[in-house]
Amino acid sequence: AVRDARVRESDRARVAMGGGNANKSANARKKAMEKAQKAAAGSQTKTNAAAMNVICQVCRQAFMCTLAPIKLKDHSDSKHPKNTFEQCFPGKTL
């Protein structure tokens, strides 16, 4: 009976440690699932699309709100030389 108790304790220890291939696969699956959920929750695409709120009134091209005004001036000068900067981007200042 004493020997049986020792065997059972060692079986419990082996089960608790769980270093087999099945455990590694389960951990990898769990880690991949958490990574996928994290990536889906924090998608940058929607944020970038929302930031495209500066629009050229001549050609309707969208620009990010963080773009430097000089870049907007470059756009108006190269794409619309007959129009003024104010016509392309009303309300924006250089």
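Look a little higher up for the structure.
Participant: Tell me about the pattern of salt bridges, and name the residues and values.
Facilitator: By the definition in use, this model includes one salt bridge. Measuring nitrogen to oxygen at the nearest pair gives 3.1 Å for the salt bridge that ties Asp-77 to Lys-73. One end of the pair, Asp-77, and the other, Lys-73, are both in helix 4 (residues 69-79), four residues apart, so they sit about a helical turn from each other.

Participant: Tell me about the packing of aromatic side chains, and please be specific about residues and values.
Facilitator: A complete count under the given rule lists two aromatic pairs for this structure. Ring centres 5.7 Å apart and planes at 70° place the aromatic pair Phe-63 and Phe-89 in the edge-to-face group. Placement of the pair is Phe-63 in strand 2 (residues 62-63) and Phe-89 in the segment after helix 5 (85-88), with a sequence separation of 26 residues. With respect to class, Phe-63 is no different from Phe-89; both count as buried. Put simply, the rings of Phe-63, Phe-85 and Phe-89 pair up and form one aromatic cluster.

Basis of the calculations
- Residues numbered from 1 in each chain as written.
- Predicted model: local features only at pLDDT ≥ 70, side-chain atom pairs only at ≥ 80, totals over all residues.
- Heavy atoms only, no water.
- Salt bridge = Lys/Arg side-chain N within 4 Å of Asp/Glu carboxyl O.
- Helix = DSSP H or I, 4+ residues; strand = E, 2+ residues; numbered from the N terminus.
- Phe/Tyr/Trp six-rings, centres within 6.5 Å; stacked < 30°, edge-to-face > 60°.
- Buried < 20%, exposed > 50% of the residue type's maximum accessible area, 1.4 Å probe, protein only.

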